[in-house]
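Architecture at a glance
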Amino acid sequence: MSVCIVLVMAVAAAATWYFLVPHRPGSKADGQCDCAERGSPPLLSLSATKLGRRTLEVRADAPDKERAELIIRELKKEKILPPGVQLREVAVGVDGVLYLNLSRGLMETQAGVPSEIVMVYSLVNSFITSFKDTRKVQLLVEGQPANTIRGVVYTYMPLEFNRELLED
């Protein structure tokens, strides 16, 4: 199991370098923005080749689906997610896994969209940070787990927070 994790991490690091080299078309120099925050957890977004912290204003009593839609909307606005992505459902299991059911638009490939690694971990890190008692995120496409979104990150099993992609 640990050999697979090391192998996946090595592939992820190589893919991150390949897809986020600054001279490549569509790479962003700065995805940060200043947003107000009142008691809401941070949203993670792209900044150069790392994920940075960003906060959004959210009502404390907002339902889970409303908070999830806000995160998806902001990641689409930052061009981290393709515009065709739609949130179908969000559910938090008693096992600490958040199930994030998205439309097939998640698998669209288009110019200017960051690498699969950044996209997947922007989702995973944002939802783990934003939903209390969530330890992992299971990405679903049209209700089913996908082996991978675009061929790089293994997404069939729930994913944990990735600290290695965070800005220092």
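Residues numbered from 1 in each chain as written. Predicted model: local features only at pLDDT ≥ 70, side-chain atom pairs only at ≥ 80, totals over all residues. Heavy atoms only, no water.

1. Thoughts on the environment of Arg73
To keep it simple, the criterion reads: Labels follow the DSSP assignment, with helices taken as runs of H or I lasting at least four residues and strands as runs of E lasting at least two, numbered in each case from the N terminus. Summary of the burial criterion: residues with accessible area below 20% of their type's maximum are buried, those above 50% are exposed, and those between are partly exposed, where the area comes from a 1.4 Å probe applied to protein chains only.
Note on placement: Arg73 falls in helix H2 (residues 64-77). When its relative accessible area of 48% is taken as the criterion, Arg73 is described as partly exposed.

2. Observations regarding unusual backbone geometry
Of note in this structure, Lys79 is not a glycine but carries a positive phi near 65°. We classify Lys79 as exposed; its relative accessible area is 53%. One non-glycine residue, Asp133, lies in the positive phi region at around 65°. Relative to the helices and strands, Asp133 is located in the loop between helix H3 (116-130) and strand S5 (136-141). Overall, Asp133 belongs to the exposed group, its relative accessible area being 62%.

3. Structural notes on the pairing of strand S3 (residues 87-92)
Rule in force here: Strands pair, by our definition, only if DSSP identifies at least two bridges between them.
When S3 meets strand S4 (residues 97-102), the two strands line up antiparallel, connected through five bridges. Its bridge partner being in S4, Val90 is matched across the sheet by Leu100. The hairpin turn running from S3 into S4, its antiparallel successor, is four residues long, and Gly96 in that turn takes a positive phi close to 85°.

4. Let's talk about the packing of H2 against H3
Keep this limit in mind: Here the axes come from fitting lines to C-alpha atoms, over the contacting stretch only for helices, and the angles between their N-to-C directions go from 0 to 180 degrees. Two helices cross in a left-handed way if the nearer one is turned anticlockwise from the farther one by less than a right angle. They cross in a right-handed way if the turn is clockwise. Two residues form a contact once any of their heavy atoms are found within 4.5 Å. Each residue is assigned to one of three groups, with Ala, Val, Leu, Ile, Met, Phe, Trp, Tyr, Cys and Pro labelled nonpolar, Asp, Glu, Lys and Arg labelled charged, and all others, Gly among them, labelled polar.
In contact at an axis separation of 11 Å, H2 and H3 are set at 145° when each is read in the N-to-C sense. As for the relative orientation of H2 and H3, their crossing is right-handed in sense. Along its contact with H2, which presents Arg67, Ala68, Ile71, Ile72 and Leu75, the element H3 presents Ser122, Leu123, Ser126, Phe127 and Ser130. Residue composition of the contact of H2 with H3, grouped by class: six nonpolar, three polar and one charged.

5. Overview of the confidence of the model for the protein chain
Just so we agree on the cut-off: Scored from 0 to 100, pLDDT records how confident the predictor is in each individual residue.
Overall, the predicted model of the protein chain reaches an average pLDDT of 74, with 62% of residues at or above 70. A low-confidence stretch, residues 1-41 (pLDDT under 50), is modelled with 52 contacts involving residues beyond four sequence positions or located in other chains.

6. Details of the pattern of salt bridges
Spelled out, the test is: Salt bridge criterion: a side-chain nitrogen from Lys or Arg within 4 Å of a carboxyl oxygen from Asp or Glu.
A full pass over the atoms with the stated rule returns four salt bridges. Residues Asp64 and Arg67 are paired through a salt bridge, measuring 2.6 Å at the closest nitrogen-oxygen approach. Of the two residues, Asp64 and Arg67 both sit in helix H2, three residues apart, roughly one turn of that helix. The salt bridge involving Arg88 is made with Glu142; its shortest N-O contact spans 3.1 Å. A residue pair is termed long-range when its members are at least 10 positions apart, and Arg88 in strand S3 and Glu142 in the loop between S5 and strand S6 (144-145) qualify at 54 residues. You can call Glu142 partly exposed: its relative accessible area is 36%.

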